[in-house]
Every structure is written in C-alpha cells, then in structure tokens.
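An overview of the molecular structure
Residues per chain, in single letters:
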Amino acid sequence: MTARAADRTRYDRATAHLDAPVAVVDLEAFDANADDLVRRAGGKPVRVASKSVRCRALLERVLARPGFAGIMSFTLAESLWLARGGFDDVLLAYPSADRAAYAELAADPKLAATVTVMVDDPAQLALIDAARAGGTEEIRVCLELDTSLRLLGGRVRVGALRSPLRSPAQLAELARSVVRRPGFRLVGLMAYEGHVAGVGDAVAGRPLRSRAIRLMQATARRELAVRRAEVVRAVRAVAPGLEFVNGGGTGSVQHTAAESAVTEIAAGSGLYVPRLFDNYTSFTGRPAALFAQPVVRRPGVGVVTVLGGGYPASGAAGADRLPVPYLPEGLRYDPQEGPGEVQTPLLGSPADDLLIGDKVWFRHAKAGELCERFEELRLIEGDRITATVPTYRGEGRTFL
C-alpha cells in the first residue's frame, strides 16, 4: 500500500460516520509542516499568515509552538477581531480603507497596542486621521517595500503590483512623513517577494520553464537582498526604534531568513500545503488540508460523478487554480466539464471501484480559501477525528 493509499484509508475510517462534503486537517501533517517552516527559518520567528489558515483554533495551535510569533492578517476588520480574541501581535499585510475599523482602532488602547497597519502612501495616513472620529490612540505603522525585479532598464517587471515604494530614498521619505505626523508610530517594514515565495520552480512537464523560473528567482533574490538591506538602513536612520523587518513566504523561507536585515519571516500556506506548493525545489511539505465530495452517480465505465467541488482559487484563471482529485489516486477531470458547482464527473480506472456514497478526496489550489467553503474543519489524528473546530465562516466571519 502506498503512503497516499494509507492516508485515504485513515481519512475514510475517521470520517465514516460523516456525510460529505467534509473538510479535514491532518494534524500530524500540519505539525510536521510547522516544524519544517521553523527549521527553514533558521532561528528567526515565523509570523503566521492568517489568510492561509482562516481558523482560530489552528492559529492558536501553531502559535503555541516554539519558533512562531505573531499573526499577519489580511483585513483591518479581521485584525481587530483577532486582537479582541486574545492574539497580541497582529500585523495587517495590506493597506485598508475601512474607516469604521480605523475609528475603532484609534479609540481603543488595547487594539492600538496590538494591531499594526500597513501604509505605502501619505494619502493612507490622511485617510486614517480623517477616520479617527475623535479617537486619539497612537497608530502603529508598517511600511511596505516593492520587491519586484526590474530588468532591461525597468522595461521588464517581474513581481506583484503592490507598493509603489521601491528605493531607499522613497521609503525614507515616507518614514519621515510618519515620524513627523502626530498620532502615528513607525514600527516595521515589510517586503513580500511573491515572485520567489509564491511561484513554483519545478513545474511538472515544463523543464525549460522551470529552469527559467529558477534563474529569475536567483537573480531576484540577489537583487532584493542588496536593496532590502539598503532600505532598512535608510528607514532605521529615520526611525531607530524600528521593531521588525518582515519578509519571505512559504516558498522562500530559508533564503529570506539568510538576510541579516530581515528579523522575521512570514508564512502560512506551508502549514496546509495546497496543490500550488507541489512544484518547489526549496522544500517538500505534506498535504494537511483536504476536502471530500460524495459519489452520487456512476454514468458509465471508468466514470463517477461527485457532488459539487468547483472551488476555484483566486488569481489569474487557469487549470492550476482548480482543486485536484487526490484520493483515490488516478482520477482526473472530464476536460469538457471540469469541476462543477453542483456536479463533477471524474474519469479513470479507480472510478470503477467507487460506490454511491463513497468519498473522493481533493486538495484545494490555495490554502485558506478552502475555509470559505466550509463552516467546520475536522481535525484528524491517526484514523480518528479528535476535534471539530469552526473556520472563520463557521464563526460568522467573511472578511472578503
């Protein structure tokens, strides 16, 4: 029996009393992935990206482990909710225009001491001031550096369109704007190299593309390490009390941790290891989060149909954004239909061994987005469910 077949046996046994659809997290795999992130971080703390987890119980679990410290959140409303729920270090990874949430932040000493907001434009500072509604608490601020790789004199750009701040001079100028403005305190700097951390460099069946990606990423890492160090020096000259410099992502943990200018690493997807993280040479994780759909039809030889399953991930539309049939091994989508909202035909010889009501296990393309589809996660240890915990959605929270 292969390791995957053994996992299928465990998951089927653990959930035999439950009807699908059902979502599970294999705690042995989750904890092993957490240990691997800490190992790769080389002694620097790992800040957990809540967007990739979206379950408070699992955020608490991982933050209780040595090597993890703090949360990187994705909306301001989520940040305040987590802070009120007992998390004591929350960094908002994206600028916000949530005026009501800023008013709450500025009026509450505990929230203001716990939550750090992201800015990359003086206009965002003005928006926060206009939203204070009389609140006088000092707002903790982090600046974001654009990490994109520029080639051919800037005519070619590789990387996400995020911050407009690229040079040490630009970051230092915004740092001065924060320091001069009453009611704000500059505490951090963040730089997320998504073109390194979030792009697999070993694409199956694409050796030339994989080689080109590795070359690009090596070039990007060298360029960013030099520029990030220069930016940190420039910002520290303005704000000597800078508390942290955050960088990285699941796919680049060990490379970013090697930079002396970086004080902490951000990661989250590496805990669940969704399918987009199968194509990396830098690490190998264990799939920990899965969902099962029930077989409801047998249209013919080598075909079964499961209920639903059309859960595409965000990003540029493509086959890599689709969930993947995982267990039993050997199933594939019908290219004419793909995964559907209500029904999903699956092709392959394993279909002939599946009966009506059996479970087919899938992996989502991304990590936390799976939790927007399920209210609960069943936590599996061995071949038993040892806990059932709510997702954000299960707690009535849908932040985006």
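Here, the structure is the one placed above.
Right, let's walk through the structure included here. Predicted model only: the values in this text are computed from it and were never measured. (Residues numbered from 1 in each chain as written. Predicted model: local features only at pLDDT ≥ 70, side-chain atom pairs only at ≥ 80, totals over all residues. Heavy atoms only, no water.)

This brings us to the overall build of the chain. Each helix and strand counted, the chain has 12 helices and 19 strands in total. Against the globule reference of 21 Å for 400 residues, the chain gives a C-alpha radius of gyration of 22 Å, in line with a compact fold. Once the C-alpha set of the chain is aligned to its principal axes, its extents read approximately 70 × 50 × 35 Å. Taken across its 400 residues, the chain has 54% of its residues classed as buried. For the chain, restricting intrachain contacts to residue pairs at least 6 apart in sequence, the fraction spanning at least 24 positions comes to 69%. (Helix = DSSP H or I, 4+ residues; strand = E, 2+ residues; numbered from the N terminus. Rg over C-alpha atoms; globule rule 2.2 N^0.38 Å. Buried < 20%, exposed > 50% of the residue type's maximum accessible area, 1.4 Å probe, protein only. Contact = heavy atoms within 4.5 Å.)

A separate point is helix H5 (residues 99-107). Taken together, the buried positions of H5 are occupied by Ala101, Tyr102, Ala103, Leu105 and Ala106. The secondary structure elements touched by the buried residues of H5 are helix H4 (76-84), helix H6 (109-114), strand S5 (115-119), helix H7 (122-131) and strand S6 (139-144).

In this section: the sheet that holds S5. Read around the closed barrel, 8 strands run S2-S3-S4-S5-S6-S9-S10-S11, paired in parallel fashion. Sheet twist, expressed as the average angle between the axes of neighbouring strands with direction ignored, equals 30°. With 3 bridges joining them, strand S3 (residues 68-73) and strand S4 (residues 90-92) adopt parallel strand pairing. Counted as the bridge partner of Ser73 is Leu92 from S4. (Pairing = 2+ DSSP bridges. Axes fitted to C-alpha atoms, helices over the stretch in contact; angles between N-to-C directions.)

For the structure on display, the rule yields 14 aromatic pairs. Where Tyr11 meets Trp361, the ring centres are 5.6 Å apart and the plane angle is 55°; that geometry is what we call tilted. In this pair, Tyr11 is assigned in helix H1 (residues 3-14) and Trp361 in strand S17 (residues 359-363), connecting sequence segments 350 residues apart. Overall, the relative accessible area of 2% leaves Tyr11 in the buried class. Accessibility expressed as a relative area gives 0% for Trp361, which makes it buried. Taking 6.4 Å as the distance between ring centres and 15° as the angle between the ring planes, the aromatic pair formed by Phe74 and Tyr392 counts as stacked. (Phe/Tyr/Trp six-rings, centres within 6.5 Å; stacked < 30°, edge-to-face > 60°.)

Further remarks concern the side chain of Ser79. Mapped onto the fold, Ser79 is located in helix H4. Polar side-chain contacts of Ser79 include one of 2.6 Å to the side chain of Ser73. Each residue touching Ser79, except ones within four places of it in the same chain, is listed here: Ser73, Val90, Leu92 and Val115. (Polar contact = N/O pair within 3.5 Å; in protein donor to acceptor, adjacent residues only side chain to side chain.)

Now for a nonpolar patch on the surface. On the surface, Leu151, Leu152 and Val156 cluster together to form a nonpolar patch covering roughly 230 Å² of accessible area. Relative to the assigned elements, Leu152 resides in the loop between strand S7 (149-151) and strand S8 (156-158). (Patch = residues over 30% accessible without salt bridge, like charges linked within 9 Å, V, L, I, M, F, W, Y side chains within 5 Å. Areas by Shrake-Rupley, 256 points an atom, 1.4 Å probe, with all protein chains shown as cover. Salt bridge = Lys/Arg side-chain N within 4 Å of Asp/Glu carboxyl O.)

Of all the 5 residues making up strand S13 (residues 303-307), 4 are buried; the element is thus mostly covered by neighbouring parts of the structure. In terms of strand pairing, strand S12 (residues 289-300) meets S13 through 3 bridges, oriented antiparallel. Note on S13: the bridge partner recorded for Val295 is Val306. If you look at the hairpin formed by S12 and S13, you'll find 2 residues sitting between the two strands, and Gly302 has a positive phi there, around 70°. As paired elements, S13 and strand S16 (residues 343-347) share 5 bridges and run antiparallel to each other. Considered in S16, the bridge of Val303 is made with Leu347.

With that out of the way, let us pick up the nonpolar core. With 90 residues, the main nonpolar core has Leu58, Val141, Leu143, Tyr272 and Leu377 as its most contacted residues. The element that contributes the greatest number of residues to this core is helix H2 (residues 27-41), accounting for 6 residues. Counting residues in each nonpolar core, the second largest holds 12 residues, with Tyr11, Ala14, Val24 and Leu327 among its members. (Core = buried A, V, L, I, M, F, W, Y, C linked by side-chain atoms within 4.5 Å.)

This part is about the side chain of Glu193. With respect to the helices and strands, the residue Glu193 is situated in the loop between strand S9 (184-191) and helix H9 (194-197). Its relative accessible area of 3% is what places Glu193 among the buried residues. At a separation of 3.3 Å, a polar atom in the side chain of Glu193 contacts the main-chain amide nitrogen of Gly248. Residue contacts for Glu193: discarding those within four places in its chain leaves Thr147, Gly198, Leu224, Arg228, Gly247, Gly248, Ser252 and Thr256.

Running from N to C, helix H8 (residues 168-180) and helix H10 (residues 207-238) point in directions that differ by 25°, and their axes come no closer than 8 Å. Relative to H10, the element H8 is oriented roughly parallel. Of the two possible hands of crossing, H8 and H10 adopt the one that is right-handed. Side by side, H8 and H10 meet where Pro168, Leu171, Ala172, Ala175, Arg176 and Val179 of the first sit next to Glu230, Val231, Ala234, Val235 and Val238 of the second. Partitioned by chemical class, the residues of the contact of H8 with H10 number 9 nonpolar, no polar and 2 charged. (Parallel < 35°, antiparallel > 145°, perpendicular 65-115°, else oblique. Left-handed = near helix turned anticlockwise from the far one by under 90°. Nonpolar A, V, L, I, M, F, W, Y, C, P; charged D, E, K, R; others polar.)

Another point: the state of the cysteines. Enumeration over the complete set of coordinates arrives at 0 disulfides. The thiol of Cys55 is not disulfide-bonded; the next cysteine sulfur, from Cys371, is found 6.4 Å away. On the accessibility criterion, Cys371 (2% relative accessible area) is buried. (Disulfide = S-S within 2.5 Å.)

On to the environment of Arg397, then. Here Arg397 lies in the segment after strand S19 (384-390). As for Arg397 and Leu37, which are separated by 360 residues in sequence, their C-alpha atoms are 28 Å apart. Ignoring sequence-local partners within four residues, the contact set of Arg397 consists of Trp81 and Tyr392.

In short, shape yes, function no, at least from these values alone.
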